[in-house]
Amino acid sequence: MAKHHVTATLNGSPVEFLCETQQTLLEVLRDELNLTGTKEGCATGDCGACSVTVGGRLVCSCLVLGAEVEGKRIETIEGMASGTELHPLQQKFLEHAALQCGICTPGMLIAARSLLERKPDPTEEEVRYWLAGNLCRCTGYNKIVDAVLAAAGEMRRA
Amino acid sequence: MADTVLYPERELKVVGTQPVRPDGVPKVTGLAQYGADFTLPGMLWGRILRSPHAHARIRAINTKKAEALPGVKAVITAADLPEQKFDYVGPERVAINFWHMTRNILAREKVLYEGHALAAVAATSKSIAEEALKLIEVDYEVLPHVIDVDEAMQPDAPLLFEDMITRGVQPPPTKPSNVSKRIEFKLGDVDKGFAAADEIVEASYKTKPVHQGYIEPHACLARFDTDGQAEVWSSSQGHFVVRTFTSRLVGMKVGDLRCHAAEIGGAFGGKTVVYVEPIAVVLSKKSGHPVKIMMSREEVFKASGPTSGASMTIKLGVMRDGRIVAAEGIFKYQAGAFPTSPVMNGCMCSFAPYDIANVRTIGYDVVCNRPKTVAYRAPGSPISAFAAESTMDLAARRIGMDPIEFRLKNIARPGSQTVWGAKLAHAGFAETLHALQKHPGYKAPLGKNQGRGVAAGYWFNGGGESSATVHVNEDGTVVVAEGSPDIGGSRASIALMAAETLGIPYENVRPIVADTNSVGYTQATGGSRVTYATGMTVINACNKVIDEMCVRAAKLWKVERADVIWEDGHARPAGKRAGEFEPLSFKAIAAKRTATGGPITASAAMNAEGQAPGFSAQFCDVEVDPDTGYVKILRYVAAQDVGRAIHPGYCEGQIHGGVVQGIGWALNEEYIYDRNGRMENPGFLDYRIPVASDVPMIEAIMVEVPNPNHPYGVKGVAEANIVPPTATIANAVHSATGLRLTDLPMSPPKVLAALDSARKR
Amino acid sequence: MSAMRYERPGTLEAAVALLSGATGAARVLAGGTDLLVQMRTGRIEPQLLVDCKDIPEMTAIVADDGGFRFGAATPCMALVEHEAFTKACPGVIDGVKLIGSIQVKGRASVGGNVCNASPAADSVPALIAAGAVATIIGPGGRRETRVENIATGPGKTSLARDEILVSLLVPRKPPHSADAYLRFTPRTEMDIAVVSAGVNLTLDRDGVCRKARVSLGAVAERALLVSEAGAALIGTTVDEAALEKLAAAAAAACKPIDDKRGTKAYRIKVAGVLARRAAQIALDRARKVN
Ligand SMILES: Cc1cc2nc3c(=O)[nH]c(=O)nc-3n(C[C@H](O)[C@H](O)[C@H](O)COP(=O)(O)OP(=O)(O)OC[C@H]3O[C@@H](n4cnc5c(N)ncnc54)[C@H](O)[C@@H]3O)c2cc1C
Ligand code: FES
Ligand code: FES
């Protein structure tokens, strides 16, 4: 069977790709488009390492088919910094040592941005619950939560 | 934020600050390359066929149909790997037997656990590779299996190796068994000790195997060239280990294999061995294409990791004044499908925090039909500590003593005798307990259904072999090439120590983890050894650079080397020439390299000794829901002797991370098997590691009792923190409910069953 | 390689026609959070996927005579973020909020939750308690049925292979009514219910319970509507004695199994506990609304 020809918007720019039906958006990003910033930790929706937004909604890219994103707007970690300027979340993650191995970091950042877009002033508990779908085995979450709260503060002031 | 308990010390400028890590930006922009992120032209996808059975003889494997599938470029089985000699090699605590290792990479006579690899394919797409696996025909003779450690030790248990005779027993047993080895440590006379004790406390415990749970599955890319040279990019804790193991397993010269350390997405001990690398190399050799292999999460659970489950009994003899006069521990650890669990560490660490005159620990290393265990953060110690520290709590209760006071009464101090013969050479244990005791939360009142528990834990920490080269650039910046894969920010610590030593700004030091052909041999990142041993190696190389900088300054000034000293990042004339010239900065000398003798670079290599042990003491408050058995962690305080926090942020992060892993181990994590020995929960949804909303902020107390053997006092911080949590929580649950849980995990059904049976009584 | 077809029809009729015409295994694709996982782990190998998210009726949320009708493929997050819906259907939202992570809810639909027919599905007991009605379309046209009639066993539904669940109606609540849903899981999030309970009750002006529906999840082959448990509350002020009776009736209705997520004994015991706690929450909510 022929591959699907898909046209979408990726980090603000038009993109086209071919994919098999069973190929997930995660596989398309990593294997076809060579955007390996989005990580695979489980491929079954359980870890959040593959978090991206599709049409502004936070999703696991491993649970979206490539064929489904026709005409959609996709945002990945590679589009988070604007040009050479890091997003405040990226900056705070660095300053707060909120990453150890860093494999969960792209997904955490995308998920955290999605939270702050909806709730610019979240409580610690709200951050913890929003990020519950993003597993981190290294940090015990302390510094991730600290960094998100600090970034929220900075973004409110800006 | 953490309390830092400071000890007087010489003033440091850079060490102890918290700059952004040198490898940070690519990790927040998605550009850092981890094991699965590499590609090469013409690359194929490798996939591995795994056993659906827990135990079976392989009668035949037929790969013809798979080979015939269009797009399939190579299919391999164990026949494509050379046979290895049966021989235990290396230090006893971590002995290796390549005869076993090659059988774990690809099964030969038998498959020994569900998920055991037995063939592999390389194809032009993932889906073709997947399809090809289904075409491989395996004729199995299914055999009875055994999962549990106590059952595996029964005389009539199914045998994994029909000829395995227990080592360490004199005279050797005549009958084969699943017990690969027995070890015993003795100090004093335990029988006499128990006879003299006022009180004797004894209890038995069980733990389940738990997985390291790193978020990045094992992944690698390999390229084998027709001239016999090969290159591997993989996610591992030690690319030199990958080289040693892979070259041996594949049967190639060490010098022909170049290994790169990809960024690594967590490991905790689980990436100190190889699984996919030799397979990828052989597939590449056979197909003539580069081959990439990525394990799925299910493969990670079924075929990599975990650490041992265990069955243990502890007996303590105590006096009414709190002195422990005798301690005995029997530890039966699962090794998984092949020998060598961390039981020896368990035997050594269990009572190591304490000065006890009479101690005996006995360990059994037991094989069973589950994945071969591999190191997990302080391997072996958290398991035996669960039993030992739970029993310590029972003993403190028996004599009515505060658990911290009880531990302080017996705490090991420099000069205390360990069960394995050495004397404790370092301070820090008592200081850590004192710091914990002083935490205001320790005396805070508790509410209904709430309880507080205390436990402590010991870890050796590591030294070992490291190499590093420091290159001075013409503008005074520096590149440090070292060989320790960086899992949690070690490049930041390395750069801090180099900057401190050289007297230059942190940002002027750029550390890299060099590949096996670009730096000297370096042991794996493990045992909390990197900041200590690789750090010391880098400091040594920096000191050589300083010496060379002084030589260059002497040349520029036309004075003798002896008349130049290095101070505060500058060469200064000294002795009889003192004050004759303006001091020369690091940068100024670097700029003159061509005129003064050419490139300035220095290497150091060492087998570091003198590491100091790690010690952690913790308390936590829990609330137990009497109707559901749910244990909520209300507060968690962890004190640890860190020697010196080089980068306090990453140091503290180790404590947070280790504690939260320990919380998972205590409450929910376990391998669940069905009747056929198949794992029922090989995914993150049902293998329940803690999520962000499960845990409170972990309060870390970094106690700094510097190690005098390291220029900046480093002790190593990554592991001791995971030793106390399971007992800390069990002790807190006891305090909340009056019930002693002896079986991990303390999952809600178990807690509720205990509560219910107590209510019935 | 199995060549899997993917279609994204724009109308219900086209979707039904695709399913009717399929020769091999065909599946409706909503959020894919069950389907893609089942495909990945090799549990199912469909030959046709019919993506229903382009069918407007299947993703719309509309007020309907004081209640709410929502498309079966509406992502859970759209429901969670819909203020009027969350106010009108607090119990259903309790359940919907618990499905997976924010990411999973960004895709997962209630229709998928119902049709996947897991006994532990979090939206189902709440929907049953709320008396929700499903609209189903097939080659023969539309039909309606109560949510409790859809799942017949684990992974099995009463839908024909060419039928599609179009929308769900959560009916208007009488005055002094409210519902609540609770589940027990070992983790706070990212977990599958070991036991769960949905309670919907209506008080009269004197605070006496006049109607009550109680549904339990993960304690049998499918979510149960336990009329004895509801009966335990009716005619009472939902006092201690009534809650005690409710818990006993709930526990008595369980026919659970031992599995990796929990034991029989545990499920029976905790079903009573949760029914009671959910009733308490529903009661508190009902007292607040007029
Ligand atoms: C990480 C993770 C966590 C999860 N946690 C939970 C949880 O806590 N609680 C819970 O209940 N579930 C949970 N789930 C399961 C799943 O997310 C839910 O069941 C979800 O509601 C399914 O909806 P969907 O739209 O994704 O369904 P899909 O996967 O698209 O479909 C599921 C099934 O229903 C069929 N189907 C879907 N829509 C229709 C329709 N309109 N008509 C007919 N048939 C249809 C499909 O063909 C398929 O067989 C979890 C899943 C993941 C991956
Ligand atoms: S890879 Fe998608 S959630 Fe884990
Ligand atoms: S930093 Fe390693 S998993 Fe989060």
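Presented here is an overview of the structure given in this document. (Residues numbered from 1 in each chain as written. Chains lettered and ligands numbered in written order. Predicted model: local features only at pLDDT ≥ 70, side-chain atom pairs only at ≥ 80, totals over all residues. Heavy atoms only, no water.)

Observations concerning the overall build of chain A
On a plain count of helices and strands, chain A comes out with 5 helices and 5 strands. In terms of overall dimensions, chain A has a C-alpha envelope of 50 × 30 × 25 Å along the principal axes. When burial is assessed residue by residue, chain A has 67% of its 158 residues classed as buried. Excluding contacts between residues fewer than 6 apart, the proportion of contacts in chain A whose partners are at least 24 apart in sequence is 56%. (Helix = DSSP H or I, 4+ residues; strand = E, 2+ residues; numbered from the N terminus. Buried < 20%, exposed > 50% of the residue type's maximum accessible area, 1.4 Å probe, protein only. Contact = heavy atoms within 4.5 Å.)

As for the sheet that holds strand E13 (residues 209-217) of chain C
Residue and element names in this part refer to chain C. In spatial order, the strands read E11-E12-E13-E14; together these 4 strands make up an open sheet with antiparallel pairing. Lying at the two open borders of the sheet, with one neighbouring strand each, are strand E11 (177-184) and strand E14 (224-225). As judged from the 8 bridges shared by E11 and strand E12 (residues 195-203), these two strands associate in the antiparallel manner. Within E12, the position partnered with Ala 178 by the bridge is Leu 201. Packed onto the sheet, helix H11 (residues 264-288) meets E11, E12 and E13 and runs at close to 30° relative to E12. (Pairing = 2+ DSSP bridges. Axes fitted to C-alpha atoms, helices over the stretch in contact; angles between N-to-C directions.)

Remarks on the site of ligand 1
Close contacts around ligand 1 come from 35 residues, with C:Val28, C:Thr33, C:Asp34, C:Ser109 and C:Asp122 the closest. The local environment of ligand 1 is shared, drawing residues from chains A, B and C. C:Gly31 has a polar backbone atom sitting 2.7 Å from an oxygen atom of ligand 1. In the model, an oxygen atom of ligand 1 is placed 2.7 Å from a nitrogen or oxygen of the C:Leu35 main chain. Of all the elements, helix H7 (residues 110-116) of chain C adds the most residues to the shell around ligand 1, at 4 residues. Class assignment of the residues belonging to the shell around ligand 1 gives a composition of 19 nonpolar, 10 polar and 6 charged. (Near = heavy atom within 4 Å. Polar contact = N/O pair within 3.5 Å; in protein donor to acceptor, adjacent residues only side chain to side chain. Nonpolar A, V, L, I, M, F, W, Y, C, P; charged D, E, K, R; others polar.)

Quick look at the interface of chain B and chain A
Facing 56 residues of chain B, the contacting portion of chain A comprises 46 residues. Buried surface at the junction of chain B and chain A, both sides included, amounts to about 4200 Å², of which 58% is carbon and sulfur. Its largest share of buried area at the contact with chain A, chain B owes to B:Val28, B:Ile215 and B:Met697, together 18% of the area lost on that side. Ionic pairing is found between B:Asp37 and A:Arg30, a salt bridge with its closest N-O pair at 2.6 Å. Those elements that place two or more of their residues in the side of chain B that touches chain A are helix H1 (24-29), helix H4 (126-135) and helix H18 (648-667) of chain B. For the side of chain B that touches chain A, the element with the most residues is H18(B), which contributes 9 residues. The residue inventory of the side of chain B that touches chain A, partitioned by class, reads 28 nonpolar, 20 polar and 8 charged. (Buried area = accessible area lost by both parts, 1.4 Å probe. Salt bridge = Lys/Arg side-chain N within 4 Å of Asp/Glu carboxyl O.)

A word on the environment of B:Ala612
Residue and element names in this part refer to chain B. On the secondary structure map, Ala 612 appears in the loop between strand E26 (600-608) and strand E27 (614-624). The spacing of Ala 612 and Glu 67 is 545 residues in sequence and 55 Å in space, taken between C-alpha atoms. Excluding its chain neighbours within four sequence positions, the residues that come into contact with Ala 612 are His 426, Phe 460, Asn 461, Asn 707 and Lys 715.

Overview of the interface of chain C and chain B
Listed as interface residues are 20 residues of chain C and, on the opposing side, 24 residues of chain B. When the two sides are added together, the surface that chain C and chain B hide from each other amounts to roughly 2100 Å², 55% of it contributed by carbon and sulfur. Counting across the chain C and chain B interface gives 6 salt bridges. One can count 13 residue pairs in polar contact (both at pLDDT 80 or more) joining chain C with chain B. Ranked by residue count, the leading element in the side of chain C that touches chain B is H11(C), at 5 residues. In the side of chain C that touches chain B, the residues fall into 8 nonpolar, 4 polar and 8 charged.

What about the pairing of E12(C)?
All names here are of chain C. In terms of burial, E12 is a largely internal element, 9 of the 9 residues being buried. Here E12 shows a buried face lined by Val 195, Ala 197, Val 199, Leu 201 and Leu 203 and a second buried face lined by Ser 196, Gly 198, Asn 200 and Thr 202. Hairpin remark: E12 followed by E13, antiparallel, with 5 residues in the connecting loop; positive phi at Gly 207, about 85°.

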